Amino acid sequence: MEGLGETPRIGVFVCHCGINIGGVVKVPDVVEYAKTLPGVVYAENNLYTCSSEGISKIQEGIAKYNLNRVIVASCTPRTHEPLFRAACEEAGVNRYLFEMANIRDQCSWAHMHEPEKATEKAKDLVRMAVAKAHLLKPLEEPEIDVAPSALIIGGGISGMTAALCLANQGFKVYVVEKEPELGGMLRRIYKLYPSMEDASEGLSRIVNSVRSNKSINVLTSTVVKQVTGFIGNFEVVVERANGETMNFGVGTIIVATGAANFEPIGMYGYGEYDNVITQLQLEQLLKDGQLKKPEKVVMVQCVGAREEKGRAYCSRICCMNALKNAILIKELYPEAEVYVLFRDLQTYGKEYEEYYSDTRRKFIQFINYVSERPPEVTSEPGGKLIVRTYDVLLGSEIEIDTDLVVLSTPLVPHEDAKELSQILKVPLGPDGFFFEAHVKLRPIDFATDGIYVCGTAHSPKDTAESVSQAFGVASRAAIPMAVKRLRVEAITAMVNENVCTGCGTCVRLCPYGAIQKDERGVAKVTSVVCKGCGTCASSCPERAITMRHFTDEQIMAQALAALGRVFA
Amino acid sequence: MTFEPRIIGFLCNWCSYAGADLAGVSRIQYPTNIRIIRLMCSGRVDPVIVLETLINGADGVLVMGCHPGDCHYVEGNLYTERKVKMLKKLIARTGLEPERLHLEWVSASEGGRFAELVRDFTNQIKALGPSPLAGEKPNPVILENILAAKSAAEDFRLRVLVGREKELIEKGNVYGEKTTQEEFDKTMDEALRAEYVRSKIYFAVRKEPQSIKELSKRLDLDPQMVLRHIVVLRRRGMVAVDRVDGTTPLYTALEVGR
């Protein structure tokens, strides 16, 4: 293995990043300083190290000066480490023998008016990187086989869409649905906005496709009980309604468990008056043709959503859904007056805004209320309801007597989401929905490789958005299954068996179940399951665990270098 | 010359380090003193590393992780919280100001909050003044104490306690018996005191063989207590009788890992 046992020959490439770094930090000074550090055999500055020219300079440097460690002092490793690592690897230096000094995001940009101090800090950051580079070890990323099969948890529109996508690409799919029927929330929906087609039509089409697809194994009235293993090699235990359990292996897992509708017990007379209902209940009445002709209908938006404490989020679908049902009522009973009491009407996108204009043309009344003075619902003899609210536009209190109050309530996480999150060892966000690896860059992946999320299990969204995410998630899950073999992260924990006493502390606290005791009672790490957090290493009572690439020695070397120590 | 504190930051890759990057991207300015070490998770922060950093003269140590519930590794940050709590208690025994160690949660979207926290912590450390362990001549008493603290933090007992704390309180032991936070804190405080004193005894007898009486005077501790600690240290194979002076045994340290 290259680099092992060799004297470090470190190359330092200091980036100007145009004027982003060079305009504050004296880059040539940093280069000269780097040259004085032990082990550094070459240092230069680049206008843009990440440009193709900069990359070739690194690779030329590696060849010319026989470098076995490379440091780039530039931006953040969070964005650019993969690029530079790949460049090193191409030039024959193990990708883990690369280190970065963040002298832009955490230096020149943050200290723009203190060029002297920023330059000193940049030197320190380079010294810290050099100190760590001395102790870097080449690491190999283990290769594993990926089983060409997927488990999809949830047989709603998202889960079924993803299932069909994967099955059509030739993968074996298990769809596990806790209800006796496929379809999820969509089964309770009447029409879809903005096209106004029947939800049941599209739904029965897709249910039939799923049912008749030979690659898809549908397990209804079934729940996931246990999941062990890792990407490519998950072992799943499910339980049928009759208590029978069933085991199978899959390569990837998709969470498509959907969401529940919030029950606004005690709000606006819900649960107290029969004619205060939720949009979902209205949907059912419309679907069954059971809605009696009302004189007036009042809809209240944001019920139990966008709260200061509690459910802070916007449920995203309620505005459009209220408009849809308002139109449906108007079409059914043109003389009925429909009022929508809203805080902010969010009909985003081109089609939806047009839809909103349409409701205005249909003489649906919109009244703006504020959360500090929410509407009040009371009843009067004879079964009529009185809705009082402060109208922002009028600047005064108004009163509407009505036959029906419809509350727009948010989608909320299923009660069993927490249990499933623990079974899969994936996180839930603060609102209780499943939490993605990165809000922008990895929106449908979990941090755990091989597990993905789509649809309303992740956050409130409408059918079109759920379907898009399902397509996305199927594509994400297909990647490792199509490639068949996979390199996994080498930043993993390692147990010194001679020191381990088998106390089991690490076994208990590993969030991924990556550590088990072997037959000798010694802790053993399953590298492909380990995500490299290092909590085990910092907690091991015997300090028997080494965290690769973030060892105690490497971290201490950086800390001491930061305090001025120069390492030879 | 004005005092420019040397502050070491241990930041997790996913939230706080990203928050620090965002502060830069947003061109939010903050003092230059902090030197950030990137870790994958704040859970990686070993109590020994923190103490070692302070021993080597850092004026302040700032640990930052994801907000509870946001941890990329589910709850590594919550283990850190418990470790920092333990460390602060331990540091308080040494004469060094526990305020030199600080834990904060910063998300990837909180560039402004990151800068503000760094500014506040830098000012707080400036107000405290240089660490008594910094510079050419570190305060010998505090140095000896914090070396004992480090030795205690390396010890099995404290590490087991802090590593299991979360489990014992939230899930219970293997028999399903839960411990209350109050009960746990009592046990932890007792263990901290005992292990710290034992480390001090160990360091004292490593310098030169001493009697119980001498140790009791030196550590300002009841001779009965010293004797009890000596018994434990002997059982652990860390201390042995060096020689008997008249009828008084003198104890010495054995070379062990800790």
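Rules used in this analysis
- Residues numbered from 1 in each chain as written.
- Chains lettered and ligands numbered in written order.
- Predicted model: local features only at pLDDT ≥ 70, side-chain atom pairs only at ≥ 80, totals over all residues.
- Helix = DSSP H or I, 4+ residues; strand = E, 2+ residues; numbered from the N terminus.
- Buried ≥ 20, exposed ≤ 12 C-beta atoms within 10 Å, placed from the backbone.
- Core = buried A, V, L, I, M, F, W, Y, C linked by C-beta atoms within 7 Å.
- Contact = placed C-beta atoms within 7 Å.
- Domains from an automatic or database assignment.

Asker: Which residues make up unusual backbone geometry, and what are the values?
Answerer: Residue and element names in this part refer to chain A. Following Tyr193, the chain continues into Pro194 via a peptide bond in cis, with omega recorded as -5°. Topologically, Pro194 is positioned in the loop between strand E8 (191-192) and strand E9 (197-198). Within the chain, Arg306 stands out as a residue other than glycine whose phi angle is a positive 50°. For Arg316, which is not glycine, the phi torsion reads 70° and is therefore positive. Locating Arg316 in the fold gives a position in the loop between strand E17 (296-300) and helix H9 (318-332). With 19 C-beta atoms packed within 10 Å, Arg316 lands in the partly exposed category.

Asker: Would you mind going over the nonpolar core in detail, with residue names and values included?
Answerer: Grouped together as the largest cluster of nonpolar side chains are 253 residues, with contacts concentrated most on A:Ile71, A:Ala73, A:Val126 and A:Ile254. Ignoring sequence-local partners within four residues, the contact set of A:Ile254 consists of A:Ala150, A:Ile152, A:Ile153, A:Ala162, A:Tyr452, A:Cys454, A:Val473 and A:Ala477.

Asker: Tell me about the domain arrangement of chain A, residues and numbers included.
Answerer: When the domains of chain A are assigned, the result is domain 1 (10-139), domain 2 (149-259 + 413-486), domain 3 (262-410) and domain 4 (493-548). On a C-alpha basis, the centroid separation for the pair domain 1 of chain A and domain 3 of chain A is 59 Å.

Asker: Account for the domain arrangement of chain B, naming residues and giving values.
Answerer: It is common to report an interface's size as the accessible area lost on association of the parts. By the assigned domains, chain B splits into domain 1 (7-128) and domain 2 (155-253). Computed from C-alpha atoms alone, the centre-to-centre distance between domain 1 of chain B and domain 2 of chain B is 30 Å.

Asker: How would you summarise the environment of A:Glu419 if you had to cite specific residues and measurements?
Answerer: All names here are of chain A. Topologically, Glu419 is positioned in helix H11 (residues 417-424). Since 13 C-beta atoms lie within 10 Å of it, Glu419 is described here as partly exposed. Counting along the chain gives 14 residues from Glu419 to Val405, while the straight-line C-alpha distance between them is 35 Å.

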